[in-house]
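Here is what each chain is made of, one letter per residue.
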Amino acid sequence: MHVQSRRFLSHLAIGLLMAATANLSQPAAAGNRAFHTKLKNGMDVVVISDHRAPVVTHMVWYRVGAADEPKGHSGIAHFLEHLMFKGTDKIAPGAFSKVIARNGGQDNAFTGQDVTAYFQRVAKDRLPLVMEMEADRMVNLKLREKDVLTERNVILEERRSRVDNNPSSILSEEMMAALYQGHPYGIPIIGWEHEMAELNRADALTHYGRYYAPNNAILIVSGDVKPDEVMALAEKTFGEIPANDNAVRDPRPGEPPHRAARRVRLEDPRAGQPTMQRVYLAPSYSSAEAGEAEALDLLMKVVGGGSTSRLYKDLVVKQKIASSAGGWYGGSGLDSSRIGVYAVAQDGISLEQVEKAADAIIADVVANGITDDELERAKKNYLADYIYGNDSQSTLARRYGWGLAMGRSVEDVEAWPERLSKVTAEDVLGVARKHFDLKRSVTGYLVPAEKKAERKDPSAQGKTVSKS
Amino acid sequence: MISKTTPANGMLRAKIALAVMAIAIFSATSDARAMKIQEITSPGGIKAWLVEEHSVPLMALRYAFRGGSSQDPEGKPGVANFLTSMLDEGAGEMRAAEFQSKLDELAIRMQSSASRDAFSGSFQTLTVNREEAVKLLRMALNEPRFDNDAVERMRTSISTGIVFDSKDPDKIASREWFRIAFEGHPYARSVKGSRESVAAISGEDLSAFRKRNFAKDNLKIAVVGDINAKELGVLLDEVFGALPEKADIKEVAQVVPKNGPIRKVIKMDVPQSVAQFGHGGINRKDKDFIPAYVLNYILGGGGFSSRLTEEVREKRGLAYSVYSYVYPYVHASIYFGGVATKNEGIAESLKVIRDELRRMAEHGPTLEELVDAQQYLTGSYALRFDTSTKIASQLLWIQVEELGIEYVDKRNGLIDAITIDDIKRVAKKLLKPDSLIVTIVGRPSNIADEG
């Protein structure tokens, strides 16, 4: 799951844009686009006006995610997210999305390790309706036992689709479990299958009762609307719900010192070409020291971002040992995050050789850093991404939603381009030396296995997972 | 990050998007800010649709050449797709590394893709870099280099992708479905080709495909953003002006998918079986296409408002994702869908789906369902036009489908005009639950391998 969301996160995790026409290397002090305040019950409200099309994006973010689940109940945050569509006294079971659709709207929801969010996209005149419905289900959820049991089968099928049918997802799950030794980020968001199979109505309602409250939530509205219109509606809907003092997550277990590099090897007949992945524990935008996360973004763009990156140019273009290669930083976690590199071996090339080549690139960056030219180019690219992102009210809503859910302020979010532009090559060298630390890493190999004789039981197929 | 609903995969998502676009015409919105579409003809005679939007300093351009992978040479499927990967691999005097470095430096977003019917591209640049960016686009379309090392690099990359696809249950099920349904027709071939066919494609093949397909008479262009009509006219001549007047396109026969029932099981050790099903559809130009599109929303296209989701997922918990769509290709049309259920339950999922198709064919939807569908489809139309890139896509595919600029205002009216009698008649005509082609990848219980 973190694989699927990686791009999404790194683009969202952060801040905002610059005044539109500015010279890219000198972003103007970001024109404060977003309005931010709190309701009396403590709910954050952010409004981003964009009057180009007569539509709005409405989101409610809860500061709770899979990493807040009680031990042994993995998957409950995501399961509850599904169950939130099962109705209240006002909305019949299963009718929520249908009502939105009848009103020409689209809706969905998502769960991460740190957040759970619900959203609708509607014509602006339907905003009152969706705010009323979202406020209603914040505290009035009604769950019927049979709906819970049926939906549990749905999330088990979802797990099969996302993970069990896909060896690279299985490898990612194993790598995360190996990377995190104490912290719950090592447990998959969707949950371990045997724990999911036991989740029940009471688990869902306990999680709901504890965390779904206005003082633990952030309302984001972007689009063709003004702050005072949103505030008037918010006070009448979410504003009527009392705060819940217990709706605060407990501190999570931390990580012990990591003392040994870990390796995971998955052999599976369903694997395509042999693939190498490496993840290193790294700080996130929320947990990093000032400027570190921005420097990590720039570092990984230079090391692994696209066909001009060092990994691609060396492994794919020059040495011709990989058919693809790259790297990334996903800076979105509340407590920590990761940097990573990957490569797919060409026919006849061993993963060991590919890994060695990737290690040489990393060693060079750690020894010599990046050039000023590379740095400037990476900055321009990120800043351009933010302007491209400004074209979309959904992207804007997620940027602010994510930022606030991670404990940052609107000002932090909007000052991102400025902070990014201040990063020096020296800063990048510093984070490279600090965080390319093999002792805090997991290296994963995915290797096609020869097909075994036919078996009846697919769960017993030839996959071996070893950690060392 | 995981969501309540997910389209099954990227390719599918693209297909759904296209199917939606097939009737995606612009809202006859009463809003005063309704966008204005200008039909531009450049001094050199190149036509494009333009929506000016000066509040964000960027420009999105989309283009399509009709043809696509159905124009791949006999025995060499995969040429059009291969060409998509070569347009940023060096052009004019610039070799691949230099060209990509320039794109990167200017933060240009340039991509292309091939479908069975078109070679299309998207291009985005910030206003400050527009002049230089446009030069690169011109070079990519007119003077791609096809240097040997770049061709080999992309061959390896495509070939690796084909290996991955050959282990992906969704992709296998879909590939088999098309192979069976369109046997003997170019649509039966995979857009990417096979490892063997890709191995045989040369730089000359790529160059020849470009020369035959990139021409003014099969080109459509849509532009949205920070540019005015006069500036766009100059840009169009610069980028597209040197292309030949006429494309050299092979005739492709109209085709009807093979008649079912046909079932094929492809054995694979996965815990969940992936099934795809479908049969022939209704052509885009047929007056019954829009009723069929609305019908499919009710049956399998409307997410949580659809009967398939209600019966398979909501009532029985048999799947996370179940869907169907109507898709009008240029030379054929299909009704198509998919579901994924654990091996022990896939037979039941398919039975429920078949029963729902039958129930819909026999009785049609209720009036309430029709009205709900009309309200969603007309009310949500504006959501497809809220970013420059989305608007450009919509306007491009309206042109490719030859629906006409005036259709933009008519679209919601056409949906609202459908009566319950229309849709019942079209349900009977479209749905053939006993003639489905079904492909299943997995270890399905209680399903014979063929039938």
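**Concerning the overall build of chain A**
Then, number 1: The number of helices and strands found in chain A is 17 helices and 12 strands.
Then, number 2: With 468 residues in all, chain A has 57% of them scored as buried.
Then, number 3: Taking contacts inside chain A between residues at least 6 apart in sequence as the whole, the part at least 24 apart equals 81%.

**Here's the deal with the domain arrangement of chain B**
All names here are of chain B.
Then, number 1: Along its sequence, chain B is carved into domain 1 (32–240) and domain 2 (254–442).
Then, number 2: Distance from the C-alpha centre of domain 1 to the C-alpha centre of domain 2: 28 Å.
Then, number 3: With 36 residues of domain 1 at the contact, the number on the domain 2 side is 33 residues.
Then, number 4: At the level of elements, β3 (47–52), β4 (58–66), β8 (118–126), α6 (169–181) and β9 (219–225) are the ones that each hand at least two residues to the side of domain 1 that touches domain 2.
Then, number 5: Of the residues forming the side of domain 1 that touches domain 2, the biggest block, 9 residues, is contributed by α6.
Then, number 6: Across the side of domain 1 that touches domain 2, the residue classes break down as 21 nonpolar, 5 polar and 10 charged.

**Observations regarding the sheet that holds β8 of chain B**
Residues and elements named next belong to chain B.
Then, number 1: In space, the 6 strands of this open sheet follow the order β2-β3-β9-β4-β8-β7, with mixed pairing throughout. Pairing within the sheet leaves two strands with one partner each, and these edge strands are β2 (38–41) and β7 (109–114). Pairwise comparison of adjacent strand axes, ignoring direction, gives a mean angle of 20 degrees for this sheet.
Then, number 2: Pairing between β3 and β9: 4 bridges, direction parallel. Paired with glutamate 52 across the two strands is glycine 225, which belongs to β9.

**Remarks on the sheet that holds strand β10 (residues 262–267) of chain B**
Then, number 1: Taken together, the 5 strands give an open sheet; going across it, the order is β10-β14-β11-β13-β12 (chain B), and neighbouring strands pair in mixed fashion. Two strands in the sheet have a free side with no partner beyond their single neighbour: β10 and β12 (322–328) of chain B. The mean inter-strand angle of the sheet, taken between neighbouring strand axes irrespective of direction, is 15 degrees.
Then, number 2: Sheet analysis places β12 of chain B next to strand β13 (residues 333–342) of chain B, joined by 7 bridges and oriented antiparallel. Note on β13 of chain B: the bridge partner recorded for serine 324 of chain B is glycine 337 of chain B.
Then, number 3: Of the strands in this sheet, β11 (272–280) and β13 of chain B touch helix α5 (residues 145–164) of chain A, which is tilted by about 100 degrees from β13 of chain B.
Then, number 4: Contacts between helix α11 (residues 307–314) of chain B and the sheet are confined to β12 and β13 of chain B, with β12 of chain B contributing the most and set at about 155 degrees to the helix.

**Quick notes on helix α4 (residues 127–139) of chain A**
All names here are of chain A.
Then, number 1: Over its 13 residues, α4 runs 19 Å from end to end, which matches the ideal 18 Å to within 8%, given 1.5 Å per residue.
Then, number 2: Among all positions in α4, only Leu127, Val130, Met131, Met133, Glu134, Ala135, Arg137 and Met138 are buried.
Then, number 3: Elements in contact with the buried residues of α4: β3 (55–62), α3 (96–102), β5 (116–123) and α9 (227–236).

**Quick word on the pairing of strand β4 (residues 106–111) of chain A**
Residue and element names in this part refer to chain A.
Then, number 1: As defined by bridge partners, β4 adjoins β5 across 6 bridges and the pair is classed as antiparallel. Looking at β5, one finds that asparagine 108 is bridged to phenylalanine 119.
Then, number 2: Between the antiparallel neighbours β4 and β5 lie 4 residues.

**Examining the confidence of the model for chain A**
Then, number 1: Looking at chain A as a whole, its pLDDT mean stands at 90, while 89% of the residues score no less than 70.
Then, number 2: The low-confidence segment residues 1–31 of chain A, where pLDDT is below 50, has 85 contacts with residues more than four positions distant or belonging to other chains.

**Quick word on the packing of helix α10 (residues 292–304) of chain A against helix α13 (residues 372–390) of chain A**
Residue and element names in this part refer to chain A.
Then, number 1: At a closest axis distance of 9 Å, the pairing of α10 and α13 adopts a crossing angle of 110 degrees. The pairing of α10 with α13 is recorded here as roughly perpendicular in orientation. Between α10, through Asp297, Leu298, Lys301 and Val302, and α13, the contact on the second element is made entirely by Glu374, Leu375, Ala378, Lys379, Asn381 and Tyr382.
Then, number 2: A class-by-class count of the residues in the contact of α10 with α13 yields 5 nonpolar, 1 polar and 4 charged.

**Considerations on the nonpolar core**
Then, number 1: In terms of nonpolar packing, the biggest core is built from 280 residues, with Leu315 and Val354 of chain A together with Val223 and Val294 of chain B touching the most fellow members.
Then, number 2: Considering each element in turn, this core owes the most residues, 9 residues, to helix α10 (residues 289–301) of chain B.
Then, number 3: Once you skip the residues sitting within four places of it in the chain, valine 354 of chain A turns out to touch Met276, Leu315, Ile321, Ala322, Ala343, Ala345 and Ile349 of chain A.

**Looking at the pairing of β3 of chain A**
Residues and elements named next belong to chain A.
Then, number 1: Counting buried residues in β3 gives 8 out of 8 residues, a clear majority hidden from the surface.
Then, number 2: The alternating pattern of β3 places Val55, Thr57, Met59 and Trp61 and Val56, His58, Val60 and Tyr62 on opposite faces, both of which are buried.
Then, number 3: In terms of strand pairing, β3 meets β5 through 8 bridges, oriented antiparallel. Across the sheet, residue valine 56 finds its bridge partner in β5, namely valine 122.
Then, number 4: Inspection of the sheet shows β3 paired to strand β6 (residues 217–223) by 7 bridges, in the antiparallel sense.

**Section: the environment of alanine 215 of chain B**
Residues and elements named next belong to chain B.
Then, number 1: Examined against the element boundaries, alanine 215 turns out to sit in the loop between α8 (203–213) and β9.
Then, number 2: A sequence separation of 32 residues divides alanine 215 from alanine 247, and the C-alpha atoms of the two residues are 4.9 Å apart.
Then, number 3: If we ignore the near neighbours within four places in the chain, the residues touching alanine 215 are Leu243, Pro244, Glu245, Lys246 and Ala247.

**Describing the interface of chain A and chain B**
Then, number 1: On the chain B side, the residues contacting the 69 residues of chain A number 61 residues.
Then, number 2: Sorting elements by how many residues they give to the side of chain A that touches chain B places α5 of chain A first, with 10 residues.
Then, number 3: Tallied by class, the residues present in the side of chain A that touches chain B amount to 23 nonpolar, 31 polar and 15 charged.

**A look at α13 of chain A**
Then, number 1: With 19 residues, α13 of chain A should cover 27 Å at 1.5 Å per step; its first-to-last C-alpha distance of 27 Å lies within 8% of that length.
Then, number 2: When we look at burial in α13 of chain A, the residues that qualify are Glu374, Leu375, Arg377, Ala378, Lys379, Tyr382, Leu383, Ala384, Tyr386, Ile387, Tyr388 and Asn390 of chain A.

**Thoughts on unusual backbone geometry**
Residue and element names in this part refer to chain B.
Then, number 1: Here the bond from glycine 260 into proline 261 is cis, since omega is 0 degrees, no more than 30 degrees from zero.
Then, number 2: Residue placement: proline 261 occurs in the loop between α9 (229–240) and β10.
Then, number 3: Positive phi, normally seen in glycine, also occurs at alanine 107, with a value near 55 degrees.
Then, number 4: Looking at where alanine 107 falls in the secondary structure, it is placed in the loop between α3 (96–105) and β7.
Then, number 5: The exposure class of alanine 107 is buried, given the 23 C-beta atoms found within 10 Å.
Then, number 6: In this structure, phenylalanine 146 takes a positive phi of about 55 degrees despite not being glycine.
Then, number 7: Within the secondary structure, phenylalanine 146 sits in the loop between α4 (130–142) and α5 (148–165).
Then, number 8: On the basis of neighbour counts, which here come to 19 C-beta atoms within 10 Å, the residue phenylalanine 146 falls in the partly exposed class.

**Section: the environment of arginine 270 of chain A**
Residue and element names in this part refer to chain A.
Then, number 1: Relative to the helices and strands, arginine 270 is located in the loop between β7 (262–268) and β8 (275–282).
Then, number 2: Note on arginine 270: 23 C-beta atoms within 10 Å, which makes it buried.
Then, number 3: Remark: the alpha-carbon pair of arginine 270 and isoleucine 349, spanning 79 residues in sequence, is separated by 19 Å.

About the cut-offs
- Residues numbered from 1 in each chain as written.
- Chains lettered and ligands numbered in written order.
- Predicted model: local features only at pLDDT ≥ 70, side-chain atom pairs only at ≥ 80, totals over all residues.
- Helix = DSSP H or I, 4+ residues; strand = E, 2+ residues; numbered from the N terminus.
- Buried ≥ 20, exposed ≤ 12 C-beta atoms within 10 Å, placed from the backbone.
- Contact = placed C-beta atoms within 7 Å.
- Domains from an automatic or database assignment.
- Nonpolar A, V, L, I, M, F, W, Y, C, P; charged D, E, K, R; others polar.
- Pairing = 2+ DSSP bridges.
- Axes fitted to C-alpha atoms, helices over the stretch in contact; angles between N-to-C directions.
- Expected span 1.5 Å × (residues − 1).
- pLDDT = per-residue confidence, 0-100.
- Parallel < 35°, antiparallel > 145°, perpendicular 65-115°, else oblique.
- Core = buried A, V, L, I, M, F, W, Y, C linked by C-beta atoms within 7 Å.

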